[in-house]
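Given next are the chains, with one letter for each unit.
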Number of protein chains: 2
Amino acid sequence: MEQRQKSELTKALILNESFKLFYENGFKTTSVDKIMKATKLTKGAFYHHYKSKKELGVEVISTHIQKRVYEGMIKPLYEEGNALELLENTFSGRLKSFSIYDKAHGCPMNNFINEIADEEQAYQIALKRIIEEWKAALVHLLERGQQEGSIIMTIAPKAIAIYLISAFEGVRGIRKLYNDDQILNDYMSGLSLYLTQLKA
Amino acid sequence: MEQRQKSELTKALILNESFKLFYENGFKTTSVDKIMKATKLTKGAFYHHYKSKKELGVEVISTHIQKRVYEGMIKPLYEEGNALELLENTFSGRLKSFSIYDKAHGCPMNNFINEIADEEQAYQIALKRIIEEWKAALVHLLERGQQEGSIIMTIAPKAIAIYLISAFEGVRGIRKLYNDDQILNDYMSGLSLYLTQLKA
DNA sequence: CATAAAACATACTAGCCGGTATTTTTTTAT
DNA sequence: ATAAAAAAATACCGGCTAGTATGTTTTATG
């Protein structure tokens, strides 16, 4: 195989396996050994491609997790149609699309935020970038709704955006405590009601 | 010193130091050695009072963290006065009362939930109990508001309660990414707006 | 086809981890 | 005063940790 291609494939393999293990067991408790066992390669290969576990952590966040949030929660916001309906469909639809596995392990981004964001600026910056992109998309959509006359003018888009993100990330964590979806249903009722009250 | 008193004092010391270290550095990465170094006692003392680190974890949750959430977020909800004002004062007031240290490290309960709730039922149960108590207090207050005619009848108290809790816990995590309070101010604006729209 | 560089493997280190076994010190009950 | 029991200290274990040093194999290039 071509050298460059081989290198990229190996890095992608490490990235995929480490994302999965971080998601299932947390960042701190997932060792480089465990990751490389999953890839069926060795520690030598890891430290050839990454200079430290921290570097890997940042890369998992800024590629894998970023893409995941973008595809699931940001991209849909730029579609056409009524702003409030788009919001409800995106937030509720995402929750409904989750498997039991996803529900049990919460939001990968939120897990990272709560586990390691307060102890290393590099993680902080990478995670912040995702939140800011998400917030910008929400603000954009809310402003569009206001311009189109479908959302009341008395609200501050930025505040609503933060409140929407907070509640979503919050409930993804709280769901971990339960073995059923009642909490998600309650959340979705709460969200629905919230959005209804923004209707012009 | 009396034996019983001494034992209780030692357990309280272990509990205090471990809460602090769990809060600052996470549960998994705080070792029994580190905790006992903080208490200036030894490992022998620890394993005399606790049969495992897991047992300590559960006790920290069901005593220390439970009390903290109760005092800060639940007890105030049972005070007299307008329901919506009580809600806003409790949620916003709590955020405003936090030190930089508290803001940087997020909510101890939420940290536990996101770090270890998905891997051990004992933690899950202890944490769930706190959330349920909080939820019950919120539902009670919202129902009182409805009975008194200060909150619209078209909302489902349980759904609102979950949405309020989710957003609060969510923002405590997201705040970790920032070094200023703008995100908290945005959250408080969002909350205020939300509550205004529940007004009868 | 030789040489260099990249990709990966093997073997190792010092230190930390939760937990245990054993001993010493302190308190209690008689 | 003394024996028993509780509290705490000491010393240890096997296994895991991030990271390093040094090999071997594969690919690229002249």
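Residues numbered from 1 in each chain as written. Chains lettered and ligands numbered in written order. Predicted model: local features only at pLDDT ≥ 70, side-chain atom pairs only at ≥ 80, totals over all residues. Heavy atoms only, no water.

## Some remarks on the state of the cysteines
Tallied over the entire structure, the rule returns zero disulfides over all chains. Looking at Cys107 of chain A, it has no disulfide partner, and the nearest cysteine sulfur is the one in Cys107 of chain B, 17 Å off. (Disulfide = S-S within 2.5 Å.)

## A few points about the domain arrangement of chain A
All names here are of chain A. The domains assigned to chain A are domain 1 (1-50) and domain 2 (55-196). Using only C-alpha atoms to locate each centre, domain 1 and domain 2 end up separated by 28 Å. Residue-level contacts link 17 residues of domain 1 with 22 residues of domain 2. A buried area of about 1600 Å², summed over both sides, lies between domain 1 and domain 2, and 66% of it is on carbon and sulfur atoms. (Domains from an automatic or database assignment. Contact = heavy atoms within 4.5 Å. Buried area = accessible area lost by both parts, 1.4 Å probe.)

## Section: the pattern of salt bridges
A full pass over the atoms with the stated rule returns 23 salt bridges over all chains. Notably, a salt bridge pairs Arg68 of chain A with Asp102 of chain A, separated by 3.5 Å at the nearest N-O pair. Of this pair, Arg68 of chain A sits in helix α4 (residues 53-74) while Asp102 of chain A sits in helix α6 (residues 100-105), and the two are 34 residues apart along the sequence. Between Lys28 of chain B and Glu119 of chain B there is a salt bridge, with its nearest N and O atoms 3.3 Å apart. A residue pair is termed long-range when its members are at least 10 positions apart, and Lys28 of chain B in the loop between α1 (3-25) and α2 (32-39) and Glu119 of chain B in the loop between α7 (108-116) and α8 (121-148) qualify at 91 residues. Accessibility expressed as a relative area gives 17% for Lys28 of chain B, which makes it buried. Among the charged side chains, a network of salt bridges with common partners joins Lys103, Arg175 and Asp181 of chain A. (Salt bridge = Lys/Arg side-chain N within 4 Å of Asp/Glu carboxyl O. Helix = DSSP H or I, 4+ residues; strand = E, 2+ residues; numbered from the N terminus. Buried < 20%, exposed > 50% of the residue type's maximum accessible area, 1.4 Å probe, protein only.)

## Quick notes on the packing of aromatic side chains
Tallied over the full model, the rule gives 32 aromatic pairs over all chains. For the pair Tyr163 of chain A and Tyr194 of chain A, a centre-to-centre distance of 5.6 Å together with 65° between the ring planes defines the contact as edge-to-face. Taken together, the residues Tyr163 of chain A in helix α9 (residues 157-174) and Tyr194 of chain A in helix α10 (residues 182-196) connect sequence positions 31 residues apart. In this pair, the class of Tyr163 of chain A matches that of Tyr194 of chain A, namely buried. Each residue in the set Phe91, Trp134, Tyr163, Phe168, Tyr187 and Tyr194 of chain A together with Phe91, Trp134, Tyr163, Phe168, Tyr187 and Tyr194 of chain B is aromatic and connected to the rest through ring pairs, giving one cluster. Taking NZ or CZ as reference, Arg172 of chain A lies 3.8 Å from the ring centre of Phe98 of chain A, over its face. In this structure, Lys53 of chain B is placed above the aromatic ring of Phe27 of chain B, and the distance from its NZ or CZ to the ring centre is 4.5 Å. (Phe/Tyr/Trp six-rings, centres within 6.5 Å; stacked < 30°, edge-to-face > 60°. Lys NZ or Arg CZ within 6 Å of the ring centre and 35° of its normal.)

## Re the protein's contact with DNA strand C
DNA strand C sits among 22 residues. The nearest are Thr42, His48 and His49 of chain A together with Gln3 and Lys43 of chain B. Contact between DNA strand C and Val32 of chain B: a phosphate oxygen at 2.9 Å from a main-chain N or O atom of the residue. Between Lys34 of chain B and DNA strand C, the recorded distance is 3.3 Å, taken from a side-chain N or O atom to a phosphate oxygen. The class makeup of the residues in the surface near DNA strand C is five nonpolar, eleven polar and six charged. (Near = heavy atom within 4 Å. Polar contact = N/O pair within 3.5 Å; in protein donor to acceptor, adjacent residues only side chain to side chain. Nonpolar A, V, L, I, M, F, W, Y, C, P; charged D, E, K, R; others polar.)

## So, the protein's contact with DNA strand D
Inspection of the region around DNA strand D gives 22 residues, with Gln3 and Lys43 of chain A together with Thr42, His48 and His49 of chain B positioned closest. Here a phosphate oxygen of DNA strand D sits 3.3 Å away from a polar atom, N or O, in the side chain of Ser7 of chain B. Among the secondary structure elements, those contributing two or more residues to the surface near DNA strand D are α1 (3-25), α2 (32-39) and α3 (43-49) of chain A together with α1 and α3 (43-49) of chain B. Classifying every residue of the surface near DNA strand D gives five nonpolar, eleven polar and six charged.

## A few points about the relation of the copies chain B and chain A
Once turned by 180° and shifted 0.0 Å along the axis, chain B lies on chain A with an RMSD of 0.1 Å. The transformation relating the two chain copies, once decomposed into turn and shift, fits a two-fold axis. Here 100% of the contact residues of chain B are again contact residues in chain A; the copies associate through an equivalent surface. (Least-squares fit on C-alpha atoms with pLDDT ≥ 70 in both.)

## Observations regarding the interface of chain B and chain A
Taken together, the contact between chain B and chain A spans 51 residues of the former and 51 residues of the latter. Roughly 4300 Å² is buried in total at the junction of chain B and chain A, and carbon and sulfur atoms are behind 61% of that figure. The three residues of chain B that bury the most area against chain A are Asn114, Tyr163 and Leu177 of chain B, which together make up 18% of that side's buried surface. Seen at the junction of chain B and chain A, the total is two salt bridges. Lys158 of chain B serves as the salt-bridge partner of Asp186 of chain A, at 3.8 Å between the closest nitrogen and oxygen.

## So, the nonpolar core
Grouped together as the largest cluster of nonpolar side chains are 133 residues, with contacts concentrated most on Trp134 and Tyr187 of chain A together with Trp134 and Tyr187 of chain B. Every residue in contact with Tyr187 of chain A, bar those within four places of it in the chain, is listed here: Phe91, Leu95, Ala167, Phe168 and Val171 of chain A together with Ile162 and Tyr163 of chain B. (Core = buried A, V, L, I, M, F, W, Y, C linked by side-chain atoms within 4.5 Å.)

## Focus: the UniProt feature "domain: HTH tetR-type" (unreviewed entry) in chain A
In the numbering used here, UniProt assigns the feature "domain: HTH tetR-type" (unreviewed entry) to residues 8-68 of chain A. Taken end to end, residues 8-68 of chain A is 80% helix and 0% strand, and its first and last C-alpha atoms sit 20 Å apart. (UniProt positions renumbered as here; feature names shortened; annotations may be inferred.)

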